[in-house]
Amino acid sequence: MIQRALISVSDKTGVAELARELAALGVEILSTGGTAKLLAGLGIPVVEVADHTGFPEMLDGRVKTLHPKIHGGILARRDLPEHMAALDAHGIGRIDLLVVNLYPFVEATSKADCTFENAIENIDIGGPTMLRSAAKNHRDVAVVVDPADYAVVVAELKAAGETSFATRFRLAKKVFAHTAQYDSAITNYLTAIEAEAPEAGVVPAREQYPQVFNQAFEKVQTLRYGENPHQTAAFYRDLAPAAGALANYVQLQGKELSYNNIADADAAWECVKTFPANEPACVIIKHANPCGVAVGATALEAYSKAFKTDSTSAFGGIIAFNVPLDGAAAEAVSKQFVEVLIAPAFTPEARAIFAAKTNVRVLEIALPAGFGTSVAYDLKRVGGGILVQSPDAKNVAAEELKVVTKVQPTPAQMADLMFAWKVAKFVKSNAIVFCGGGMTLGVGAGQMSRIDSARIASIKAENAGLTLKGSAVASDAFFPFRDGLDVVCDAGATCVIHPGGSMRDQEVIDAANERGIAMVLTGTRHFRH
Ligand SMILES: NC(=O)c1ncn([C@@H]2O[C@H](COP(=O)(O)O)[C@@H](O)[C@H]2O)c1NC=O
(Lines give C-alpha, C1' and ligand atoms only; values in the text may rest on other atoms or scores of the structure.)
Protein backbone atom coordinates (compact mmCIF):
# COMPACT_ATOMS: atom_id res chain seq x y z
CA MET A 1 0.00 0.00 0.00
CA ILE A 2 1.21 3.49 -0.76
CA GLN A 3 2.31 5.42 2.33
CA ARG A 4 1.62 9.05 1.75
CA ALA A 5 -0.48 11.31 -0.51
CA LEU A 6 -0.33 15.06 -0.98
CA ILE A 7 -3.62 16.77 -1.80
CA SER A 8 -3.67 20.45 -2.79
CA VAL A 9 -6.69 21.48 -4.81
CA SER A 10 -8.43 24.68 -5.87
CA ASP A 11 -11.46 22.81 -7.23
CA LYS A 12 -12.52 20.83 -4.18
CA THR A 13 -15.06 18.65 -6.06
CA GLY A 14 -14.95 15.07 -4.77
CA VAL A 15 -11.87 15.65 -2.65
CA ALA A 16 -13.54 14.81 0.68
CA GLU A 17 -14.71 11.41 -0.62
CA LEU A 18 -11.26 10.72 -2.05
CA ALA A 19 -9.52 11.67 1.19
CA ARG A 20 -11.92 9.54 3.23
CA GLU A 21 -11.13 6.51 1.07
CA LEU A 22 -7.39 7.15 1.31
CA ALA A 23 -7.54 7.58 5.08
CA ALA A 24 -9.50 4.33 5.37
CA LEU A 25 -6.73 2.60 3.41
CA GLY A 26 -4.22 3.89 5.96
CA VAL A 27 -2.63 6.48 3.66
CA GLU A 28 -1.16 9.53 5.39
CA ILE A 29 -2.56 12.71 3.85
CA LEU A 30 -0.58 15.93 3.51
CA SER A 31 -2.45 19.06 2.47
CA THR A 32 -2.03 22.78 1.91
CA GLY A 33 -3.91 25.39 3.98
CA GLY A 34 -7.38 25.54 2.45
CA THR A 35 -7.55 21.88 1.50
CA ALA A 36 -6.25 20.78 4.93
CA LYS A 37 -8.82 22.98 6.66
CA LEU A 38 -11.66 21.45 4.65
CA LEU A 39 -10.54 17.88 5.32
CA ALA A 40 -9.83 18.45 9.02
CA GLY A 41 -13.25 20.09 9.35
CA LEU A 42 -14.78 16.85 8.08
CA GLY A 43 -12.84 14.86 10.65
CA ILE A 44 -10.44 13.34 8.10
CA PRO A 45 -6.91 12.94 9.50
CA VAL A 46 -4.59 15.34 7.66
CA VAL A 47 -1.10 16.81 8.18
CA GLU A 48 -0.53 20.38 7.01
CA VAL A 49 2.31 20.67 4.50
CA ALA A 50 3.76 23.43 6.70
CA ASP A 51 3.98 20.99 9.64
CA HIS A 52 5.48 18.33 7.38
CA THR A 53 8.19 20.62 5.98
CA GLY A 54 8.70 22.63 9.17
CA PHE A 55 8.42 25.72 7.01
CA PRO A 56 5.38 28.00 7.06
CA GLU A 57 3.26 28.83 4.01
CA MET A 58 4.42 32.33 3.14
CA LEU A 59 4.10 35.30 0.78
CA ASP A 60 0.30 35.02 0.60
CA GLY A 61 0.51 31.38 -0.46
CA ARG A 62 3.02 32.03 -3.25
CA VAL A 63 5.33 29.61 -1.42
CA LYS A 64 3.62 26.59 0.14
CA THR A 65 4.90 23.39 -1.37
CA LEU A 66 8.10 24.59 -3.04
CA HIS A 67 10.30 22.69 -0.59
CA PRO A 68 12.86 19.84 -0.92
CA LYS A 69 10.82 17.78 1.53
CA ILE A 70 7.97 17.86 -0.97
CA HIS A 71 9.82 17.66 -4.27
CA GLY A 72 12.41 15.18 -2.90
CA GLY A 73 9.58 12.98 -1.69
CA ILE A 74 7.95 13.08 -5.12
CA LEU A 75 10.98 12.94 -7.42
CA ALA A 76 13.14 10.26 -5.76
CA ARG A 77 13.50 7.16 -7.90
CA ARG A 78 12.46 4.23 -5.75
CA ASP A 79 14.68 1.87 -7.77
CA LEU A 80 17.91 3.79 -7.09
CA PRO A 81 19.45 3.03 -3.67
CA GLU A 82 21.33 6.36 -3.78
CA HIS A 83 18.06 8.26 -4.14
CA MET A 84 16.49 6.38 -1.24
CA ALA A 85 19.60 6.91 0.88
CA ALA A 86 19.46 10.64 0.13
CA LEU A 87 15.84 10.74 1.32
CA ASP A 88 16.84 8.99 4.55
CA ALA A 89 19.85 11.24 5.06
CA HIS A 90 17.66 14.33 4.87
CA GLY A 91 14.66 12.94 6.70
CA ILE A 92 12.44 13.13 3.62
CA GLY A 93 9.41 10.82 3.44
CA ARG A 94 8.12 9.43 0.09
CA ILE A 95 5.04 10.94 -1.48
CA ASP A 96 3.43 8.23 -3.62
CA LEU A 97 0.25 9.96 -4.75
CA LEU A 98 -0.21 13.58 -5.73
CA VAL A 99 -3.64 15.15 -6.17
CA VAL A 100 -3.47 18.73 -7.42
CA ASN A 101 -5.59 21.05 -9.48
CA LEU A 102 -4.60 24.56 -10.27
CA TYR A 103 -5.63 28.15 -9.56
CA PRO A 104 -8.43 28.86 -12.04
CA PHE A 105 -6.47 31.17 -14.36
CA VAL A 106 -8.79 30.75 -17.37
CA GLU A 107 -11.98 31.26 -15.36
CA ALA A 108 -10.50 34.31 -13.59
CA THR A 109 -9.24 36.01 -16.74
CA SER A 110 -12.41 35.36 -18.70
CA LYS A 111 -14.30 37.62 -16.29
CA ALA A 112 -14.72 41.14 -17.68
CA ASP A 113 -13.59 42.78 -14.44
CA CYS A 114 -10.36 40.77 -13.95
CA THR A 115 -7.56 43.20 -13.07
CA PHE A 116 -3.99 42.56 -14.14
CA GLU A 117 -3.02 41.88 -10.54
CA ASN A 118 -5.81 39.34 -10.13
CA ALA A 119 -4.71 37.58 -13.31
CA ILE A 120 -1.12 37.39 -12.10
CA GLU A 121 -2.17 36.05 -8.68
CA ASN A 122 -4.14 33.34 -10.47
CA ILE A 123 -0.97 32.00 -12.07
CA ASP A 124 -0.30 28.85 -10.08
CA ILE A 125 3.38 28.13 -9.51
CA GLY A 126 3.60 25.49 -6.81
CA GLY A 127 0.82 23.34 -8.31
CA PRO A 128 2.29 22.92 -11.82
CA THR A 129 5.72 22.38 -10.28
CA MET A 130 4.44 19.47 -8.20
CA LEU A 131 2.37 18.12 -11.08
CA ARG A 132 5.42 18.12 -13.36
CA SER A 133 7.59 16.47 -10.69
CA ALA A 134 5.07 13.70 -10.14
CA ALA A 135 4.33 13.23 -13.84
CA LYS A 136 8.06 12.97 -14.56
CA ASN A 137 8.35 10.32 -11.84
CA HIS A 138 5.23 8.44 -12.94
CA ARG A 139 7.14 5.16 -12.76
CA ASP A 140 6.77 5.46 -8.98
CA VAL A 141 4.19 8.17 -8.31
CA ALA A 142 0.54 8.48 -9.31
CA VAL A 143 -0.60 12.00 -10.15
CA VAL A 144 -4.19 13.16 -10.49
CA VAL A 145 -5.15 16.53 -11.95
CA ASP A 146 -8.76 15.73 -12.86
CA PRO A 147 -11.38 14.85 -10.22
CA ALA A 148 -12.87 12.45 -12.79
CA ASP A 149 -9.85 10.18 -12.16
CA TYR A 150 -10.29 9.91 -8.38
CA ALA A 151 -12.49 6.84 -8.68
CA VAL A 152 -10.08 4.78 -10.77
CA VAL A 153 -7.19 5.52 -8.41
CA VAL A 154 -9.24 4.52 -5.36
CA ALA A 155 -10.43 1.36 -7.09
CA GLU A 156 -6.88 0.30 -7.97
CA LEU A 157 -5.56 1.07 -4.49
CA LYS A 158 -8.36 -0.96 -2.94
CA ALA A 159 -7.75 -3.86 -5.29
CA ALA A 160 -3.97 -3.99 -5.33
CA GLY A 161 -2.61 -1.54 -2.75
CA GLU A 162 -1.06 0.47 -5.58
CA THR A 163 -1.93 1.92 -8.95
CA SER A 164 -0.94 0.16 -12.16
CA PHE A 165 1.88 1.50 -14.30
CA ALA A 166 -0.55 1.89 -17.20
CA THR A 167 -2.77 4.14 -15.09
CA ARG A 168 0.18 6.16 -13.82
CA PHE A 169 1.48 6.64 -17.37
CA ARG A 170 -1.97 7.70 -18.62
CA LEU A 171 -2.35 10.16 -15.75
CA ALA A 172 1.16 11.57 -16.33
CA LYS A 173 0.36 12.27 -20.01
CA LYS A 174 -2.82 13.98 -18.92
CA VAL A 175 -0.83 16.16 -16.53
CA PHE A 176 1.70 17.35 -19.11
CA ALA A 177 -1.15 18.11 -21.54
CA HIS A 178 -2.85 20.05 -18.74
CA THR A 179 0.18 22.10 -17.66
CA ALA A 180 1.00 22.83 -21.32
CA GLN A 181 -2.52 24.16 -21.84
CA TYR A 182 -2.34 26.11 -18.61
CA ASP A 183 0.87 27.83 -19.74
CA SER A 184 -0.63 28.36 -23.21
CA ALA A 185 -3.57 30.17 -21.65
CA ILE A 186 -1.19 32.38 -19.67
CA THR A 187 0.82 33.14 -22.82
CA ASN A 188 -2.30 33.91 -24.85
CA TYR A 189 -3.48 36.27 -22.10
CA LEU A 190 -0.18 38.08 -21.51
CA THR A 191 0.78 38.48 -25.17
CA ALA A 192 -2.62 39.99 -25.97
CA ILE A 193 -2.14 42.86 -23.50
CA GLU A 194 -1.61 46.10 -25.40
CA ALA A 195 0.00 48.16 -22.60
CA GLU A 196 3.78 47.92 -22.30
CA ALA A 197 3.54 48.21 -18.52
CA PRO A 198 0.01 47.31 -17.39
CA GLU A 199 -1.16 48.76 -14.08
CA ALA A 200 -1.90 46.23 -11.37
CA GLY A 201 -5.36 47.45 -10.42
CA VAL A 202 -6.61 48.01 -13.97
CA VAL A 203 -8.39 45.61 -16.31
CA PRO A 204 -5.87 45.59 -19.19
CA ALA A 205 -7.03 46.17 -22.77
CA ARG A 206 -6.36 43.06 -24.81
CA GLU A 207 -6.02 42.54 -28.53
CA GLN A 208 -8.27 39.83 -29.94
CA TYR A 209 -5.25 38.17 -31.52
CA PRO A 210 -2.31 37.61 -29.12
CA GLN A 211 1.32 37.78 -30.24
CA VAL A 212 1.65 34.09 -29.54
CA PHE A 213 -1.40 32.06 -30.56
CA ASN A 214 -1.64 28.74 -28.73
CA GLN A 215 -4.41 26.28 -29.40
CA ALA A 216 -4.74 22.74 -28.09
CA PHE A 217 -6.66 19.91 -29.76
CA GLU A 218 -7.08 16.29 -28.79
CA LYS A 219 -7.03 13.39 -31.19
CA VAL A 220 -10.28 11.71 -32.04
CA GLN A 221 -8.67 9.20 -34.37
CA THR A 222 -5.92 8.56 -36.86
CA LEU A 223 -7.54 8.41 -40.29
CA ARG A 224 -6.79 5.81 -42.93
CA TYR A 225 -5.47 8.56 -45.21
CA GLY A 226 -5.91 12.24 -45.98
CA GLU A 227 -7.56 14.05 -48.85
CA ASN A 228 -5.79 11.53 -51.11
CA PRO A 229 -4.58 8.01 -50.34
CA HIS A 230 -0.88 9.01 -50.39
CA GLN A 231 -1.47 11.56 -47.60
CA THR A 232 -1.54 10.65 -43.89
CA ALA A 233 -4.16 12.26 -41.65
CA ALA A 234 -5.82 12.43 -38.25
CA PHE A 235 -8.90 14.12 -36.83
CA TYR A 236 -8.43 16.35 -33.78
CA ARG A 237 -11.15 18.13 -31.88
CA ASP A 238 -11.30 21.13 -29.58
CA LEU A 239 -10.80 20.19 -25.93
CA ALA A 240 -14.35 21.35 -25.28
CA PRO A 241 -16.24 21.34 -28.61
CA ALA A 242 -19.09 23.87 -28.75
CA ALA A 243 -22.60 22.50 -28.29
CA GLY A 244 -24.03 21.29 -31.58
CA ALA A 245 -20.63 21.20 -33.35
CA LEU A 246 -19.75 18.32 -35.67
CA ALA A 247 -17.02 17.00 -33.35
CA ASN A 248 -19.75 15.93 -30.89
CA TYR A 249 -20.95 13.26 -33.31
CA VAL A 250 -21.82 9.78 -32.18
CA GLN A 251 -21.33 7.29 -35.01
CA LEU A 252 -24.24 4.87 -34.81
CA GLN A 253 -23.08 2.60 -37.61
CA GLY A 254 -21.06 2.33 -40.78
CA LYS A 255 -17.53 2.30 -42.08
CA GLU A 256 -14.80 4.42 -40.53
CA LEU A 257 -15.11 8.11 -41.43
CA SER A 258 -12.56 9.35 -43.93
CA TYR A 259 -10.85 12.76 -44.06
CA ASN A 260 -13.13 13.92 -46.89
CA ASN A 261 -16.22 12.49 -45.13
CA ILE A 262 -15.48 14.61 -42.05
CA ALA A 263 -14.84 17.78 -44.07
CA ASP A 264 -18.04 17.30 -46.10
CA ALA A 265 -20.05 16.29 -43.03
CA ASP A 266 -19.02 19.58 -41.43
CA ALA A 267 -20.16 21.55 -44.48
CA ALA A 268 -23.50 19.70 -44.54
CA TRP A 269 -24.07 20.05 -40.81
CA GLU A 270 -23.11 23.73 -40.57
CA CYS A 271 -25.46 24.54 -43.46
CA VAL A 272 -28.45 22.52 -42.26
CA LYS A 273 -28.11 23.92 -38.72
CA THR A 274 -28.87 27.41 -40.01
CA PHE A 275 -32.49 26.32 -40.52
CA PRO A 276 -34.64 26.36 -37.37
CA ALA A 277 -35.89 23.02 -36.06
CA ASN A 278 -39.51 23.93 -36.82
CA GLU A 279 -38.58 24.10 -40.52
CA PRO A 280 -37.37 20.62 -41.56
CA ALA A 281 -34.37 21.06 -43.86
CA CYS A 282 -32.10 18.74 -45.81
CA VAL A 283 -28.64 19.47 -47.26
CA ILE A 284 -26.80 17.20 -49.70
CA ILE A 285 -23.08 17.91 -50.04
CA LYS A 286 -20.59 16.81 -52.67
CA HIS A 287 -16.95 17.92 -52.56
CA ALA A 288 -17.66 20.56 -49.91
CA ASN A 289 -20.48 22.21 -51.91
CA PRO A 290 -24.23 21.85 -51.49
CA CYS A 291 -25.69 20.09 -54.55
CA GLY A 292 -29.18 20.26 -53.09
CA VAL A 293 -30.78 22.11 -50.19
CA ALA A 294 -34.46 22.28 -49.37
CA VAL A 295 -37.02 22.85 -46.64
CA GLY A 296 -40.36 21.09 -46.42
CA ALA A 297 -43.22 20.23 -44.13
CA THR A 298 -41.44 16.97 -43.25
CA ALA A 299 -37.93 15.53 -43.46
CA LEU A 300 -39.15 13.42 -46.39
CA GLU A 301 -40.38 16.44 -48.32
CA ALA A 302 -37.17 18.38 -47.60
CA TYR A 303 -35.06 15.44 -48.82
CA SER A 304 -37.16 14.81 -51.93
CA LYS A 305 -36.85 18.46 -52.96
CA ALA A 306 -33.11 18.66 -52.17
CA PHE A 307 -32.49 15.48 -54.19
CA LYS A 308 -34.32 16.92 -57.21
CA THR A 309 -31.85 19.82 -57.56
CA ASP A 310 -29.07 17.58 -58.80
CA SER A 311 -29.86 13.91 -58.42
CA THR A 312 -26.78 12.97 -60.47
CA SER A 313 -24.34 14.74 -58.18
CA ALA A 314 -26.20 13.55 -55.08
CA PHE A 315 -24.83 10.04 -55.74
CA GLY A 316 -22.38 9.26 -52.92
CA GLY A 317 -23.35 12.45 -51.14
CA ILE A 318 -23.20 13.50 -47.51
CA ILE A 319 -26.76 14.19 -46.34
CA ALA A 320 -27.75 16.15 -43.24
CA PHE A 321 -31.11 16.91 -41.63
CA ASN A 322 -31.88 19.47 -38.94
CA VAL A 323 -34.73 17.34 -37.55
CA PRO A 324 -34.88 13.72 -36.37
CA LEU A 325 -34.84 11.33 -39.30
CA ASP A 326 -38.01 9.23 -39.43
CA GLY A 327 -38.79 6.03 -41.29
CA ALA A 328 -40.39 7.70 -44.31
CA ALA A 329 -37.40 9.97 -44.99
CA ALA A 330 -34.95 7.14 -44.26
CA GLU A 331 -36.77 4.89 -46.75
CA ALA A 332 -36.41 7.55 -49.47
CA VAL A 333 -32.74 8.27 -48.66
CA SER A 334 -31.93 4.56 -48.64
CA LYS A 335 -32.74 4.37 -52.36
CA GLN A 336 -29.67 6.43 -53.22
CA PHE A 337 -25.98 5.78 -52.57
CA VAL A 338 -25.16 7.85 -49.47
CA GLU A 339 -21.73 8.08 -47.82
CA VAL A 340 -22.68 9.82 -44.56
CA LEU A 341 -26.06 10.53 -43.03
CA ILE A 342 -26.36 13.09 -40.23
CA ALA A 343 -29.30 14.09 -38.03
CA PRO A 344 -29.96 15.22 -34.47
CA ALA A 345 -31.75 11.89 -33.87
CA PHE A 346 -32.98 8.80 -35.69
CA THR A 347 -36.24 6.98 -35.05
CA PRO A 348 -36.05 3.19 -34.55
CA GLU A 349 -37.64 2.76 -38.02
CA ALA A 350 -34.92 4.91 -39.60
CA ARG A 351 -32.22 2.96 -37.75
CA ALA A 352 -33.72 -0.33 -38.91
CA ILE A 353 -33.76 0.79 -42.55
CA PHE A 354 -30.04 1.61 -42.50
CA ALA A 355 -29.02 -1.33 -40.31
CA ALA A 356 -28.89 -3.51 -43.41
CA LYS A 357 -26.71 -0.97 -45.24
CA THR A 358 -23.68 -1.56 -43.06
CA ASN A 359 -21.36 0.72 -45.04
CA VAL A 360 -23.42 3.87 -44.54
CA ARG A 361 -21.92 6.04 -41.83
CA VAL A 362 -24.74 7.32 -39.63
CA LEU A 363 -23.89 10.21 -37.32
CA GLU A 364 -26.10 11.53 -34.55
CA ILE A 365 -25.31 15.02 -33.30
CA ALA A 366 -27.39 16.57 -30.53
CA LEU A 367 -28.68 20.04 -31.28
CA PRO A 368 -29.24 21.58 -27.85
CA ALA A 369 -31.39 24.68 -27.56
CA GLY A 370 -29.36 27.84 -27.82
CA PHE A 371 -26.35 26.33 -29.61
CA GLY A 372 -24.16 29.00 -31.13
CA THR A 373 -21.22 29.13 -33.51
CA SER A 374 -19.23 25.92 -33.71
CA VAL A 375 -15.78 27.47 -33.52
CA ALA A 376 -14.31 30.52 -31.82
CA TYR A 377 -11.72 30.88 -34.58
CA ASP A 378 -11.54 29.75 -38.16
CA LEU A 379 -8.04 28.50 -39.00
CA LYS A 380 -6.49 28.06 -42.42
CA ARG A 381 -2.97 26.83 -43.03
CA VAL A 382 -0.81 28.66 -45.54
CA GLY A 383 2.87 28.05 -46.31
CA GLY A 384 4.81 28.88 -43.15
CA GLY A 385 1.85 30.27 -41.25
CA ILE A 386 -1.79 30.22 -40.37
CA LEU A 387 -4.66 32.59 -41.09
CA VAL A 388 -6.94 33.15 -38.12
CA GLN A 389 -10.35 34.79 -38.35
CA SER A 390 -13.65 34.87 -36.54
CA PRO A 391 -16.12 32.45 -38.13
CA ASP A 392 -18.62 33.69 -40.74
CA ALA A 393 -21.45 33.64 -38.22
CA LYS A 394 -23.39 36.56 -39.65
CA ASN A 395 -27.04 36.00 -40.52
CA VAL A 396 -28.47 39.06 -42.18
CA ALA A 397 -31.45 40.59 -40.37
CA ALA A 398 -34.59 41.71 -42.24
CA GLU A 399 -33.99 45.37 -41.31
CA GLU A 400 -30.55 45.27 -42.97
CA LEU A 401 -32.05 44.42 -46.36
CA LYS A 402 -32.41 47.20 -48.91
CA VAL A 403 -34.71 46.93 -51.92
CA VAL A 404 -33.05 49.07 -54.61
CA THR A 405 -35.32 48.50 -57.60
CA LYS A 406 -38.65 49.92 -58.70
CA VAL A 407 -40.11 46.42 -58.43
CA GLN A 408 -40.53 45.29 -54.84
CA PRO A 409 -40.21 41.56 -54.08
CA THR A 410 -43.46 39.86 -53.09
CA PRO A 411 -43.50 38.11 -49.68
CA ALA A 412 -43.05 34.76 -51.48
CA GLN A 413 -40.11 36.11 -53.46
CA MET A 414 -38.60 37.52 -50.27
CA ALA A 415 -38.84 34.09 -48.64
CA ASP A 416 -37.10 32.51 -51.63
CA LEU A 417 -34.42 35.20 -51.61
CA MET A 418 -33.70 34.65 -47.92
CA PHE A 419 -33.50 30.91 -48.51
CA ALA A 420 -31.12 31.42 -51.44
CA TRP A 421 -29.00 33.79 -49.38
CA LYS A 422 -28.69 31.24 -46.55
CA VAL A 423 -27.52 28.57 -48.98
CA ALA A 424 -25.11 30.85 -50.89
CA LYS A 425 -23.10 31.32 -47.68
CA PHE A 426 -22.19 27.62 -47.81
CA VAL A 427 -21.30 27.48 -51.51
CA LYS A 428 -17.66 28.02 -52.52
CA SER A 429 -17.04 31.35 -54.23
CA ASN A 430 -17.98 32.54 -56.73
CA ALA A 431 -21.43 31.31 -55.69
CA ILE A 432 -24.64 31.70 -57.67
CA VAL A 433 -27.70 29.92 -56.26
CA PHE A 434 -31.10 29.79 -57.98
CA CYS A 435 -33.98 28.87 -55.68
CA GLY A 436 -37.75 28.69 -55.62
CA GLY A 437 -40.41 27.14 -53.43
CA GLY A 438 -37.99 26.41 -50.60
CA MET A 439 -35.46 24.48 -52.68
CA THR A 440 -32.32 25.02 -54.68
CA LEU A 441 -32.92 24.90 -58.44
CA GLY A 442 -29.38 25.39 -59.68
CA VAL A 443 -26.07 25.83 -57.84
CA GLY A 444 -22.99 27.35 -59.48
CA ALA A 445 -19.92 26.95 -57.26
CA GLY A 446 -16.22 27.60 -57.09
CA GLN A 447 -15.70 29.40 -60.39
CA MET A 448 -13.09 32.08 -60.95
CA SER A 449 -15.71 34.14 -62.80
CA ARG A 450 -19.17 34.96 -61.41
CA ILE A 451 -20.63 34.87 -64.89
CA ASP A 452 -19.42 31.27 -65.31
CA SER A 453 -20.99 30.32 -61.96
CA ALA A 454 -24.26 31.83 -63.21
CA ARG A 455 -24.05 29.90 -66.47
CA ILE A 456 -23.20 26.63 -64.69
CA ALA A 457 -26.08 27.09 -62.25
CA SER A 458 -28.56 27.55 -65.05
CA ILE A 459 -27.13 24.59 -67.05
CA LYS A 460 -27.47 22.41 -63.95
CA ALA A 461 -31.11 23.43 -63.52
CA GLU A 462 -31.73 22.61 -67.15
CA ASN A 463 -30.02 19.21 -66.76
CA ALA A 464 -32.26 18.47 -63.78
CA GLY A 465 -35.35 19.49 -65.75
CA LEU A 466 -36.07 22.35 -63.37
CA THR A 467 -37.36 25.64 -64.66
CA LEU A 468 -35.76 28.87 -63.50
CA LYS A 469 -38.72 30.92 -64.67
CA GLY A 470 -39.73 33.14 -61.78
CA SER A 471 -36.82 31.94 -59.64
CA ALA A 472 -34.94 33.85 -56.95
CA VAL A 473 -31.16 34.02 -57.20
CA ALA A 474 -28.42 34.79 -54.67
CA SER A 475 -24.87 35.87 -55.40
CA ASP A 476 -22.39 35.59 -52.51
CA ALA A 477 -20.69 38.86 -53.55
CA PHE A 478 -21.71 41.85 -55.64
CA PHE A 479 -22.12 41.75 -59.41
CA PRO A 480 -19.10 43.71 -60.66
CA PHE A 481 -20.81 44.33 -64.04
CA ARG A 482 -24.32 43.92 -65.40
CA ASP A 483 -23.28 40.87 -67.46
CA GLY A 484 -23.76 38.37 -64.61
CA LEU A 485 -27.15 39.85 -63.86
CA ASP A 486 -28.16 39.52 -67.49
CA VAL A 487 -27.25 35.83 -67.44
CA VAL A 488 -29.48 35.14 -64.41
CA CYS A 489 -32.33 37.22 -65.88
CA ASP A 490 -32.01 35.41 -69.22
CA ALA A 491 -32.26 32.15 -67.27
CA GLY A 492 -35.59 33.30 -65.81
CA ALA A 493 -34.81 34.83 -62.39
CA THR A 494 -37.26 37.55 -61.36
CA CYS A 495 -35.59 38.61 -58.12
CA VAL A 496 -32.02 38.74 -56.94
CA ILE A 497 -30.16 39.16 -53.65
CA HIS A 498 -26.50 40.15 -53.30
CA PRO A 499 -24.39 42.32 -51.01
CA GLY A 500 -24.01 45.35 -53.31
CA GLY A 501 -21.07 47.65 -52.77
CA SER A 502 -19.55 47.59 -56.27
CA MET A 503 -18.26 50.74 -58.00
CA ARG A 504 -20.83 49.94 -60.67
CA ASP A 505 -23.78 49.25 -58.35
CA GLN A 506 -25.82 51.85 -60.20
CA GLU A 507 -25.15 50.17 -63.56
CA VAL A 508 -26.31 46.85 -62.07
CA ILE A 509 -29.39 48.43 -60.42
CA ASP A 510 -30.28 50.17 -63.70
CA ALA A 511 -29.98 46.80 -65.45
CA ALA A 512 -32.30 45.23 -62.88
CA ASN A 513 -34.86 48.01 -63.45
CA GLU A 514 -34.50 47.60 -67.21
CA ARG A 515 -35.15 43.84 -66.85
CA GLY A 516 -38.08 44.52 -64.52
CA ILE A 517 -36.83 42.38 -61.64
CA ALA A 518 -36.61 43.03 -57.90
CA MET A 519 -33.18 43.47 -56.34
CA VAL A 520 -32.31 43.27 -52.64
CA LEU A 521 -28.95 44.27 -51.16
CA THR A 522 -27.70 42.66 -47.94
CA GLY A 523 -24.61 44.78 -47.25
CA THR A 524 -22.87 41.54 -46.18
CA ARG A 525 -20.61 39.37 -48.31
CA HIS A 526 -20.15 35.62 -47.87
CA PHE A 527 -16.96 34.60 -49.66
CA ARG A 528 -16.05 31.01 -48.88
CA HIS A 529 -12.83 29.39 -50.10
N1 LIG B 1 2.97 28.16 -4.03
C2 LIG B 1 2.90 26.91 -3.76
O3 LIG B 1 3.87 26.39 -3.27
C4 LIG B 1 1.68 26.15 -4.03
N5 LIG B 1 1.55 24.86 -3.77
C6 LIG B 1 0.29 24.48 -4.13
N7 LIG B 1 -0.36 25.55 -4.66
C8 LIG B 1 -1.75 25.57 -5.14
O9 LIG B 1 -2.60 25.88 -4.05
C10 LIG B 1 -3.92 25.40 -4.34
C11 LIG B 1 -4.53 24.81 -3.08
O12 LIG B 1 -4.46 25.70 -2.03
P13 LIG B 1 -5.33 25.49 -0.71
O14 LIG B 1 -5.13 24.07 -0.32
O15 LIG B 1 -4.75 26.46 0.21
O16 LIG B 1 -6.75 25.83 -1.05
C17 LIG B 1 -3.79 24.39 -5.46
O18 LIG B 1 -4.44 24.94 -6.60
C19 LIG B 1 -2.28 24.28 -5.68
O20 LIG B 1 -1.98 24.10 -7.05
C21 LIG B 1 0.48 26.60 -4.61
N22 LIG B 1 0.13 27.86 -5.02
C23 LIG B 1 0.61 28.60 -5.99
O24 LIG B 1 1.56 28.73 -6.58
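If you're wondering where the values come from, they're calculated on a predicted model, not measured in any experiment. Once a new chain begins, its residue numbering starts again from 1 and follows that chain's sequence as written. Reporting of local features is limited, given that this is a predicted model, to residues whose pLDDT is at least 70; pairs of side-chain atoms are given and counted only at 80 or more, and all residues count toward the totals for whole chains, interfaces and linings.

(A) Up close: unusual backbone geometry. Between serine 429 and asparagine 430 the backbone carries a cis peptide bond, its omega angle lying at -10 degrees. One non-glycine residue, leucine 59, adopts positive backbone phi at about 55 degrees. Working definition: helices are DSSP H or I runs of at least four residues, strands are E runs of at least two. Numbering for both runs from the N terminus. Secondary-structure assignment places leucine 59 in the loop between α3 (49-53) and α4 (68-75). As a rule, residues whose C-beta atom has 12 or fewer other C-beta atoms within 10 Å are exposed, those with 20 or more are buried, and those in between are partly exposed; C-beta atoms are placed from the backbone. Taking the C-beta count within 10 Å as the criterion, leucine 59 has 7 such neighbours and is therefore assigned exposed. Positive phi is not limited to glycine here, since histidine 287 has a value of about 45 degrees. Within the secondary structure, histidine 287 is located in the loop between β9 (281-286) and β10 (289-295).

(B) Molecular detail of the pairing of strand β1 (residues 4-9). Across the six residues of β1, five count as buried, placing the element largely inside the fold. Both β1 and strand β2 (residues 28-31) contribute to a ladder of four bridges, which runs parallel. Counted as the bridge partner of alanine 5 is isoleucine 29 from β2. Assessed by its sense of winding, the connection that carries the chain from β1 through helix α1 (residues 15-24) to β2 is right-handed. Strands pair, by our definition, only if DSSP identifies at least two bridges between them. Looking down the strands as they point away from the viewer, one classifies a crossover as right-handed if the path from the first strand across the helix to the second runs clockwise.

(C) Focus on the pairing of strand β12 (residues 338-343). For β12, the tally of buried residues reaches six of six residues, placing the bulk of the element in the interior. Across four bridges, strand β11 (residues 317-321) lies against β12 in parallel orientation. Within β12, the position partnered with alanine 320 by the bridge is isoleucine 342. For the handedness criterion, the β-α-β arrangement of β11, helix α13 (residues 327-333) and β12 is classed as right-handed. Following the backbone out of β12, through helix α14 (residues 348-355) and into the adjacent parallel strand β13 (residues 361-364), one traces a crossover that is right-handed.

(D) Spatial organisation of the UniProt feature "domain: MGS-like" (unreviewed entry) in the protein. UniProt positions are given in the numbering used here, feature names are shortened, and annotations may be inferred rather than shown by experiment. This chain's UniProt record puts "domain: MGS-like" (unreviewed entry) on residues 1-145. Across residues 1-145, the secondary structure splits into 43% helix and 14% strand, with the terminal C-alpha atoms separated by 21 Å.

(E) Local environment of the site of the ligand. Around the ligand sit 21 residues in total, of which Thr32, Gly34, Thr35, Gly126 and Gly127 are the nearest. Elements with a minimum of two residues in the shell around the ligand: β1, α2 (33-41), β4 (97-101) and α8 (126-136). Here the residues of the shell around the ligand are counted per class, giving seven nonpolar, eleven polar and three charged. Here, nearness means that the C-beta atom of a residue, built from backbone geometry, sits within 6 Å of the molecule or strand in question. When residues are grouped by polarity, Ala, Val, Leu, Ile, Met, Phe, Trp, Tyr, Cys and Pro land in nonpolar, Asp, Glu, Lys and Arg in charged, and all others, Gly among them, in polar.

(F) Representation of helix α5 (residues 81-89). For α5, a buried count of zero out of nine residues is recorded, marking the element as mostly open to its surroundings. Directly after α5, the chain includes glycine 91, whose backbone phi takes a positive value near 65 degrees.

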